Amino acid sequence: MKKLLTYCLPVMCLGAPLASADAVEERIDTLLETMTIEQKVGQLALRDFGTYSAEQIPALKEQIRQGEVGGFLNVNFSSVNDNAFAELQKIAVEESPQGIPLIFGQDVIHGYETIFPIPLGQAASWNPALVKKGARIAAEEATTDGIRWTFAPMIDISHDPRWGRIAETLGEDPFLASILGVAMTEGFQTDDPSRPDAMAASAKHFIGYGAAEAGRDYNAAYIPEARLRDTFLPPFKAAVDAGLMTIMSSYNTLNDIPATANQYALKTILRDEWGFDGFVVSDWNAVMEMLPHGFARDAKHAAELSANAGIDFEMYTDTYQQHLPQLIKEGKFTEAKLDQAVRHMLRVKMRLGLWENPYPRGNREAVILSDDHRQAAREAARESFVLLKNDNSILPLAPKTKIALIGPLANVPHEQLGTWIYNGNKKDSVPLVPALEQHLGGTDSFTFVQGLEYSRDTSTKGFGKAVEAAQQADVIVYVGGEESILSGEGHSRGDIALPGAQQELVKALSETGKPLVTVIMAGRPIELGKVRSQSDAIMMAWHPGTMAGPALVDVLYGEYSPVGRLPITWPKGEGQIPIYYNRMATGRPATDDNYTLIGEIELGVFQHGPGNSSNHLDYGHEPEFPFGFGLTYSEFEYSNLAIAKSRIALGETLKASATIKNTGKVKTTEVVQLYIRDLVASRTRPIRELKGFERVTLTPGESRVVEFEISTDALAFHNQKMEKVTEAGEFELWIAKDATSGLKGRFIVYE
C-alpha cells in the first residue's frame, strides 16, 4: 500500500541478534557439549514462582544452582522475596555450571502498571502505530523489574463473542489482526531485542483456540484445513515473518488432537513450512491436561507426546524433568531432539542479550506510570471508543449541560482496567467521576448516582434516586456493561446481554424523556435489545484502562471526536453466533425483500410465503452493527471510485482510489476500508475480505483522494489441494466505511 497510513502486510525483520547467526549457533554448540541430560532438560522447565511456598524456595534455588531451571513466570506475585528477580538470576548466572541466565516471563497483555485498553479495544483504533506504542511502553515498564518475555500478542481469530478471551484478541479479521499483531510484536521486541528494555513476544494460542465450540474456554475446535490456513494461521505467519521470538500452544484440541501434541501444527506448519526458529511454550498446565482430554495415559506419556510434537518449554508442570531422561533411555525420545529444543531456548536467550544484561534494569521511579505513559494510555483509550449511535447529534455534550451520571461502572477504577492486569492497580486508575469533576471544576454541573452497586446487581432499590437525578438533568449519561471479571480466561457467557438489572435501569431512565447517552464498558460486544432504541447515543468504551475517565471526558465533550471502528461484528443476540462479516455466500442469500420477520408472518400463510433465504425469522440477516462500523462527530462523503485498469495479469498490482470528503463541521479521522470479493473460484470465497485500510484526518470541507494498491498475491487462497493460489477471474471491489457499505467496482485478473 502507499500513502501516509495505508496498511498492508510488510516483510519486516525483528529479532536480529547482535552477533552473527553462525556465531550464536557456535556458542550454543559449545554450551550443549558441556551440559548433562538433566541440565538440558532443566532448560525446558518454566516454573511458576507464585505457586511456591517459603518452605519450598531453598530446594528451588538449589535446582537453579544445578542448572535445572530455564525460567520463571509470575515472580513478582510472590511475597516470599522482595528482590526475587535479581536473587534468582544471580544464582543462575554466578553459581550454576554453565551460567545460563533465566528468562522471566509474565502476562503483560495490555500494559504493565500503566494499563492500556484491552486488546480488542486497541484493535478498534485500527491504528498500528498506537498499538505498537502501547506495547513499547509496556515493555519499558516491565523490563525495569527484569521481565524480558511477555505472553502476547494474542492473535486468535474468533467469531464468538460469548468467548471470554475475545477481549484479549485483535478482532475477527485475519488481515487486521495480522497488521496489529505485527505492530504489537514490534513494540515489545523492537528491532534489537538485546536492548535491556526489549521483551520477547509470544504469539498465542497456536492454534484454533478462538474457534472453541460454544465459545467455552478449553473446548474442542473443528477447523477444516483450508479455513485454518486462510483464516486462523495468517496472523501467526505474519508475526513469524516479522521476527517473532516465541509462540505459545493452545489449550484446545484441534480436530481431536490436543494443540499441545499436534505435530502437524507445531512441526509441519510452524517449523518445516514457516522456518520458525524460536521456542514454543505450552500453556499453563496444558501438558498434563492431555490426561482429562483422554489423549495421554499418564504424566510420562504426556511428556512423550508434547516433547515429540515440538513443545520446547513446559509451563508450570514438571513432566519433562520427571520423565524425559527415562524416555530417552527407552528410545521414545532422543537426545538429538532434546538438543534441538534446548537450542531453541538458548537462541532466544542469546538474542535477548541475557548474558550481557541478565538483571532488572531498575529506574522504576522514572519509568512506571510516567506522565508520558499516562498520556499515551489516554490517547489509546479515546481512539478505542466506537460511537455506535448518535441521534440528533446529542454528542458531544454542550459545556453547560447539566448531567445525571448514572451507572455501576462510572466510578470503578478497578473494573475499567479489564482482564489480565497482574500489575495494574486501582489506585493509579482514574474513572469518570473524578475526571468529570476536574473537567467541570466541581460537581455543580453533574449529579452521580450509581443506581446499581455493580454490573450484576439485580436489586432495583437504587432506581428511585437514579430516576430522580435524571429528571432534574438536561441529559443522562449511563455507564454500564460488564465488570472486568466477566471476560477473560474461563469467563465465557451464554447470555451476552447487559447483566443484572441494567436493562431495567436503562428502561426506567429512558422513560423520563430526557436524552440518554449509554456508555458500555465490556470485554465483548453486548446484546443491546431494546437498549438500542431506548438510548439516543451509544458508545462502546470496552475496558479502557488507567486513563478511562479523562479519555471519556475528552470524547463526551467533543475535545476529541470518536474515531474507533468495530474490529468484530456486533450480533443482535446469541442466536446469530458464530457471526463474522467474511462469511461464505449461500445458495439463497438473504436480502431485505426476500424474507418476512417473525412478527409480520400472516396466520395460515403458505410455507414459502414468508420467503426462503438464509436468515433468522427473529433477527433477520444483518448484525446489530457490521465489522468496521463506527461514527464520528462529522460526516464523510465517498465519491469518484476509480480503478486504474479493469484487467490485470497475475503478478501485477491493482490501483484503486476514491475521493473522501468531510462534509460535517468537525475535524476528525475517517477509516477508509478496502474490500475484495472473488466471484467464482475452485472453492467458495467470502462475500467480502478486508485487504487494506487508511486512516484519513480531514478538516470540515476538506477532501482527499485515497489510493490503494493491491497485488494479485493478496488475492490468494488455499485451493482444494491446499495449494496457495491466485486464480484468474472476476473480482468485486469496495472502498467503504464498513463491511456492508461502499463504492463498488469490478476488475478481472487474467493469466
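The name given to the protein in an unreviewed UniProt entry is beta-glucosidase, and the organism recorded there is Gilvimarinus gilvus. Under the UniProt heading Catalytic activity (unreviewed entry), the entry covering the protein gives this text: "Hydrolysis of terminal, non-reducing beta-D-glucosyl residues with release of beta-D-glucose." Recorded under Sequence similarities (unreviewed entry), the UniProt text for the protein is reproduced unchanged: "Belongs to the glycosyl hydrolase 3 family."

## What to know about the overall build of the protein
Each helix and strand counted, the protein has 21 helices and 27 strands in total. Over its C-alpha trace the protein gives a radius of gyration of 27 Å, about what one expects of a compact globule, namely 27 Å for 751 residues. Principal-axis analysis of the C-alpha atoms places the extent of the protein at approximately 75 × 65 × 55 Å. Taken over 751 residues, the protein has a buried fraction of 61%. Counting contacts in the protein only where the partners sit at least 6 residues apart, residues at least 24 apart contribute 79% of the total. For the protein, the computed accessible surface area is about 27600 Å², with 47% contributed by carbon and sulfur atoms. On the protein, the mean spot of the 72 positive side-chain charges and the mean spot of the 97 negative ones are 3 Å from each other.

## Concerning the environment of Arg-683
Mapped onto the secondary structure, Arg-683 falls in the loop between strand 21 (668-678) and strand 22 (689-698). Separated by 93 residues in the primary sequence, Arg-683 and Ala-590 place their C-alpha atoms 21 Å from one another. Contact partners of Arg-683, with chain neighbours within four places excluded, come to Ala-226, Asp-230, Met-584, Phe-717, His-718, Asn-719 and Gln-720. Of the polar contacts made by the side chain of Arg-683, one reaches the side chain of Asp-230; its length is 3.1 Å.

## Observations concerning the sheet that holds strand 3 (residues 71-73)
The strand order across the open sheet formed by 5 strands is 5-4-3-2-11, and the pairing between neighbours is parallel. Each having just a single partner strand, strand 5 (149-150) and strand 11 (314-315) make up the two edges of the open sheet. Bridging between strand 2 (residues 45-48) and strand 11 involves 2 bridges; their strand directions are parallel. Note that in strand 11 the partner of Leu-46 across the bridge is Met-315.

## Structural notes on the side chain of Lys-204
By secondary structure assignment, the location of Lys-204 is in strand 6 (residues 202-206). In terms of polar contacts, Lys-204 uses its side chain to reach the side chain of Asp-107, at 3.5 Å. Once you skip the residues sitting within four places of it in the chain, Lys-204 turns out to touch Asp-107, Ile-109, Phe-151, Pro-153, Met-154, Ile-155, Asp-156, Arg-165, Glu-168, Phe-236 and Met-248.

## Brief notes about the packing of aromatic side chains
The final tally for this structure, using the stated rule, is 22 aromatic pairs. With centroids separated by 5.3 Å and ring planes inclined at 75°, the aromatic side chains of Phe-279 and Phe-313 adopt a geometry described as edge-to-face. Taken together, the residues span a long stretch of sequence, with Phe-279 in strand 10 (residues 279-281) and Phe-313 in the loop between helix 12 (299-309) and strand 11 at a distance of 34 residues. For the pair formed by Phe-279 and Phe-313, the shared burial category is buried.

## Observations regarding the pattern of salt bridges
Going through the model one piece at a time under the given rule, you end up with 47 salt bridges. Of the charged contacts in the structure, one is a salt bridge between Arg-136 and Glu-140, with a shortest N-O distance of 3.7 Å. Of this pair, Arg-136 and Glu-140 both sit in helix 6 (residues 128-142), 4 residues apart, roughly one helical turn. You can call Glu-140 partly exposed: its relative accessible area is 22%. In this structure, Asp-197 and Arg-195 form a salt bridge, with 2.9 Å as the shortest nitrogen-oxygen distance. A relative accessible area of 31% places Arg-195 in the partly exposed class. Overlapping salt bridges, with partners in common, bring together Glu-25, Asp-29, Arg-343 and Arg-347 in one network.

## A look at the sheet that holds strand 6
Read across the sheet, 3 strands follow the order 6-7-10 without closing on themselves; strand pairing throughout is parallel. Edge positions in the open sheet fall to strand 6 and strand 10, since each of these has one partner strand only. Sheet twist, expressed as the mean angle between neighbouring strand axes with direction ignored, is 30°. Where strand 7 (residues 246-249) and strand 10 come together, 3 bridges link them in parallel fashion. The residue of strand 10 that forms the bridge with Thr-246 is Phe-279. Packing of helix 10 (residues 263-273) onto the sheet brings it into contact with strand 6, strand 7 and strand 10, and relative to strand 10 it is tilted by some 155°.

## Focus: the pairing of strand 4 (residues 103-106)
Going residue by residue along strand 4, you find Ile-103 and Gly-105 tucked away on one face and Phe-104 and Gln-106 tucked away on the opposite face as well. Looking at chain direction, strand 3 and strand 4 are connected through 3 bridges and run parallel. Among the inter-strand pairings, Phe-72 is bridged to a residue of strand 4, identified as Phe-104. Taken together, the 2 bridges between strand 4 and strand 5 define a ladder with parallel strand orientation.

## A few points about the packing of helix 17 (residues 432-440) against helix 21 (residues 548-556)
Working note: a packed helix pair is described by the angle between its axes plus the distance between those axes. Where helix 17 contacts helix 21, the two axes come as close as 7 Å, and the packing angle between them is 50°. By the angle between their directions, the pair helix 17 and helix 21 is classed as oblique. In this structure, helix 17 meets helix 21 at a crossing whose hand is right-handed. Of the residues in helix 21, those in contact with Leu-432, Ala-435, Leu-436 and His-439 of helix 17 are Gly-549, Pro-550, Leu-552 and Val-553. Class assignment for the residues of the contact of helix 17 with helix 21 results in 6 nonpolar, 2 polar and no charged.

## Things to note about the environment of Phe-175
Locating Phe-175 in the fold gives a position in helix 7 (residues 174-189). As for Phe-175 and Leu-690, which are separated by 515 residues in sequence, their C-alpha atoms are 6.5 Å apart.

## Observations concerning unusual backbone geometry
The residue after Ala-152, namely Pro-153, is reached through a cis peptide bond having omega 10°. Residue position: Pro-153 is located in the loop between strand 5 and helix 7. Along the chain, Ile-577 connects to Pro-578 via a cis peptide bond; the corresponding omega equals 0°. One non-glycine residue, Trp-542, lies in positive phi territory at about 55°. In this fold, Trp-542 is placed in the loop between strand 17 (537-540) and helix 21. Even without a glycine there, the phi angle at Asn-640 is positive, about 55°. Considering the arrangement of structural elements, one finds Asn-640 in strand 18 (residues 636-643).

## Comments concerning the packing of helix 18 (residues 463-471) against helix 19 (residues 502-510)
Direction vectors running N to C along helix 18 and helix 19 enclose 35°, while the axes themselves pass 9 Å from each other. Once helix 18 is placed against helix 19, the crossing between them reads as right-handed. Facing helix 18, whose interface residues are Phe-463, Ala-466, Val-467 and Ala-470, helix 19 presents Glu-504, Leu-505, Ala-508 and Leu-509. Among the residues forming the contact of helix 18 with helix 19, the class breakdown is 7 nonpolar, no polar and 1 charged.

## Considerations on the pairing of strand 21
Within a regular strand, the side chains alternate between the two sheet faces. In terms of residue burial, strand 21 counts as a mostly covered element, since 10 of its 11 residues are buried. With 9 bridges joining them, strand 21 and strand 22 adopt antiparallel strand pairing. Its bridge partner being in strand 22, Val-672 is matched across the sheet by Glu-694. Relative to strand 26 (residues 729-736), strand 21 is paired through 6 bridges, and the arrangement is antiparallel. Paired with Leu-674 across the two strands is Ile-735, which belongs to strand 26.

Each value, and the rule that gives it
Residues numbered from 1 in each chain as written. Predicted model: local features only at pLDDT ≥ 70, side-chain atom pairs only at ≥ 80, totals over all residues. Heavy atoms only, no water. UniProt positions renumbered as here; feature names shortened; annotations may be inferred. Helix = DSSP H or I, 4+ residues; strand = E, 2+ residues; numbered from the N terminus. Rg over C-alpha atoms; globule rule 2.2 N^0.38 Å. Buried < 20%, exposed > 50% of the residue type's maximum accessible area, 1.4 Å probe, protein only. Contact = heavy atoms within 4.5 Å. Areas by Shrake-Rupley, 256 points an atom, 1.4 Å probe, with all protein chains shown as cover. Lys, Arg positive; Asp, Glu negative; His and termini not counted. Charge placed at Lys NZ, Arg CZ, Asp CG, Glu CD. Polar contact = N/O pair within 3.5 Å; in protein donor to acceptor, adjacent residues only side chain to side chain. Pairing = 2+ DSSP bridges. Phe/Tyr/Trp six-rings, centres within 6.5 Å; stacked < 30°, edge-to-face > 60°. Salt bridge = Lys/Arg side-chain N within 4 Å of Asp/Glu carboxyl O. Axes fitted to C-alpha atoms, helices over the stretch in contact; angles between N-to-C directions. Parallel < 35°, antiparallel > 145°, perpendicular 65-115°, else oblique. Left-handed = near helix turned anticlockwise from the far one by under 90°. Nonpolar A, V, L, I, M, F, W, Y, C, P; charged D, E, K, R; others polar.

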